[in-house]
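Chain by chain, the residues run as shown.
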Amino acid sequence: MAGRFFDEWQVGDRIDHDIRRTVTETDNLLFSTMTHNPQPLHIDLESARASEFGQILVNGTFTFALMVGLSVGDTTLGTLVANLGYDKLVMPKPVFIGDTMRATSEVAELKESKSRPGAGIVTFTHELINQRDEVVCRCLRSALLRKRPA
């Protein structure tokens, strides 16, 4: 499903995204090494076992990126001019290898662009939720979206 244009959104619109994703050891290890993150909690099983979590913790920046990625098809695919920023990012629960993630999005704010008459700013609240229905990541994402062509 393609994303929506700015003028197709209303404050309060909510989407439960259909795509789900189980996080694998490979996801976590590749993301951590690609981003040069040597945190032992992410890449060293013995160190992680000795931690309070007792197992590998999934890299938080992967968790964040997955949340945004799961939302793109229904929100901004094909209509995005630019992502303007991410605010109030929180990770209230850890993510572990084998957790299955789903995402939700809700429109928190709409604002006409002052500099681009053919676009507007949509602020989404994105949430990533695990198989236990726990929110593991949440943020506000401001996206500059094109308006529907006349």
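This section reports on the structure supplied with the text. (Residues numbered from 1 in each chain as written. Predicted model: local features only at pLDDT ≥ 70, side-chain atom pairs only at ≥ 80, totals over all residues. Heavy atoms only, no water.)

1. So, the packing of aromatic side chains
Under the definition given, this model contains four aromatic pairs. Both rings, one in Phe 53 and one in Phe 96, keep their centres 6.4 Å apart while their planes meet at 55 degrees; by these two values the pair is tilted. Pair noted here: Phe 53 is in the loop between helix H3 (45-49) and helix H4 (60-75) and Phe 96 is in the loop between strand E3 (80-90) and strand E4 (100-112), with a separation of 43 residues, a long-range link. Seen from their ring centres, Phe 64 and Tyr 86 are 5.1 Å apart, and the 85 degrees between their planes marks the pair as edge-to-face. Pair noted here: Phe 64 is in helix H4 and Tyr 86 is in strand E3, with a separation of 22 residues, a long-range link. For Tyr 86, a relative accessible area of 35% puts it in the partly exposed group. Of note, Arg 4 hangs over the ring of Trp 9, and the distance from its end group to the ring centre comes to 4.2 Å. (Phe/Tyr/Trp six-rings, centres within 6.5 Å; stacked < 30°, edge-to-face > 60°. Helix = DSSP H or I, 4+ residues; strand = E, 2+ residues; numbered from the N terminus. Buried < 20%, exposed > 50% of the residue type's maximum accessible area, 1.4 Å probe, protein only. Lys NZ or Arg CZ within 6 Å of the ring centre and 35° of its normal.)

2. Overview of H4
Over its 16 residues, H4 runs 22 Å from end to end, which matches the ideal 22 Å to within 8%, given 1.5 Å per residue. Those residues of H4 not exposed but buried are Gly 60, Phe 62, Thr 63, Phe 64, Leu 66, Met 67, Val 68, Leu 70, Ser 71, Asp 74 and Thr 75. (Expected span 1.5 Å × (residues − 1).)

3. Remarks on the nonpolar core
Counting residues in each nonpolar core, the largest one holds 16 residues, and the members touching the most others are Val 23, Met 101 and Leu 128. For this core, the secondary structure elements donating two or more residues are H4, E4 and strand E6 (135-146). Among the elements that line this core, the one with the most residues is H4, at six residues. Ignoring anything within four residues of it in the chain, the contact list for Leu 128 reads Thr 63, Met 67, Leu 70, Met 101, Arg 102, Ala 103, Glu 134, Val 135, Val 136 and Cys 137. Core analysis: the next-biggest nonpolar cluster, separate from the first, contains eight residues, Val 122, Phe 124, Ala 143 and Leu 145 among them. (Core = buried A, V, L, I, M, F, W, Y, C linked by side-chain atoms within 4.5 Å. Contact = heavy atoms within 4.5 Å.)

4. Observations concerning the pairing of E6
Most of E6 sits out of view: ten of its twelve residues are buried. The sheet contact formed by E3 and E6 spans seven bridges and is antiparallel. Bridging from a neighbouring strand, Asp 87 pairs with Leu 140 of E6. Connecting strand E5 (residues 119-129) to the antiparallel partner E6 that follows it, the hairpin turn spans five residues, and Asp 133 within it adopts a positive phi of roughly 60 degrees. (Pairing = 2+ DSSP bridges.)

5. A short note on the state of the cysteines
Structurally, a disulfide amounts to a covalent bond that connects the sulfur atoms of two cysteines. Summed over all chains, the structure comprises zero disulfides. The structure places no disulfide on Cys 137, whose sulfur is separated from the nearest cysteine sulfur, that of Cys 139, by 6.2 Å. For Cys 137, a relative accessible area of 0% translates into the label buried. (Disulfide = S-S within 2.5 Å.)

6. Quick word on unusual backbone geometry
Even without being glycine, Lys 88 reaches a positive phi, approximately 50 degrees. Here Lys 88 is to be found in strand E3. Its identity as a non-glycine residue notwithstanding, Asp 133 has a phi of 60 degrees, on the positive side. As for its placement among the helices and strands, Asp 133 is situated in the loop between E5 and E6. In this structure Asp 133 comes out as exposed when scored by relative accessible area, which is 56%.

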